[in-house]
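Remarks on the overall topology
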Amino acid sequence: KATKCRPFVDKIKGHREPIVAMLSPNGDNGQRLYSASTDGWLYVWDIPNKEITHKIQLSIPPTTTQLILRASAKLERRNGGLISGEIYSWNIKSGEIIGCYHHHSNKIISLQKISSRVLTSIELAGREVVLWDTLSARLEDRVKLAHQITAFTATEERLFIIAERHHLYVFDTEKRTM
């Protein structure tokens, strides 16, 4: 039996270069969308009205292959992981860099905000999850594993990490124990 493909609902135009990341904030009911392209522009979209509400020139353009956007709780900053391994925080209104996190040496493949002040990151082929203090932009803790991480999710209380060979690790973020 053949499956029918449904046509897309709508198309909105804006970026002139390839889009490398999109984010629709939780709790927003699809009203806003953030998109970043290789030319260094971050657009904030009003989806119901099909228009761009803000255009922000990021002080460091995202690379062509990797940018991961994550929203902070206050929605005034965005975190982006670059192919070079750095993580930046941008002020959503001005586009200026307000924080830079240095530790990774490879492409960032996952960024997750787990509380108002803790951000987690994993690099490509990584064997550790890094916990960052977003107020000071400093490395707060690391969870090192024997095997490469294949999947990861986080809540405020716990990190759930799946590594090669189907190992599941649960890390308590408050007690800092497995």
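In case you missed it, the structure is sitting above this.
What comes next concerns the included structure. Just so it is clear, the structure is predicted and the values come from calculations on it, not from any experiment. (Residues numbered from 1 in each chain as written. Predicted model: local features only at pLDDT ≥ 70, side-chain atom pairs only at ≥ 80, totals over all residues. Heavy atoms only, no water.)

A few words now on unusual backbone geometry. Phi at lysine 50 is positive, roughly 55 degrees, even though this residue is not glycine. Its location among the elements puts lysine 50 in the loop between β3 (41–46) and β4 (51–57). One non-glycine residue, arginine 165, lies in the positive phi region at around 65 degrees. Of note, arginine 165 is situated in the loop between β14 (158–163) and β15 (167–172). (Helix = DSSP H or I, 4+ residues; strand = E, 2+ residues; numbered from the N terminus.)

On to the sheet that holds β3, then. Strand pairing in a sheet takes place through backbone hydrogen bonds and is either antiparallel or parallel in direction. Here four strands make up an open sheet; going across it, the order is β1-β2-β3-β4 and the pairing antiparallel. Among the strands making up the open sheet, the edge pair consists of β1 (19–23) and β4. Neighbour-to-neighbour, the strand axes of this sheet turn through a mean angle of 20 degrees, independent of strand direction. Two strands pair when backbone bridges link them, and strand β2 (residues 32–37) and β3 are joined in this way by five bridges, in the antiparallel orientation. Looking across to β3, one finds that alanine 36 is bridged to leucine 42. (Pairing = 2+ DSSP bridges. Axes fitted to C-alpha atoms, helices over the stretch in contact; angles between N-to-C directions.)

It is worth stressing that arrangement in space is one thing and function is another; only the former is reported here.
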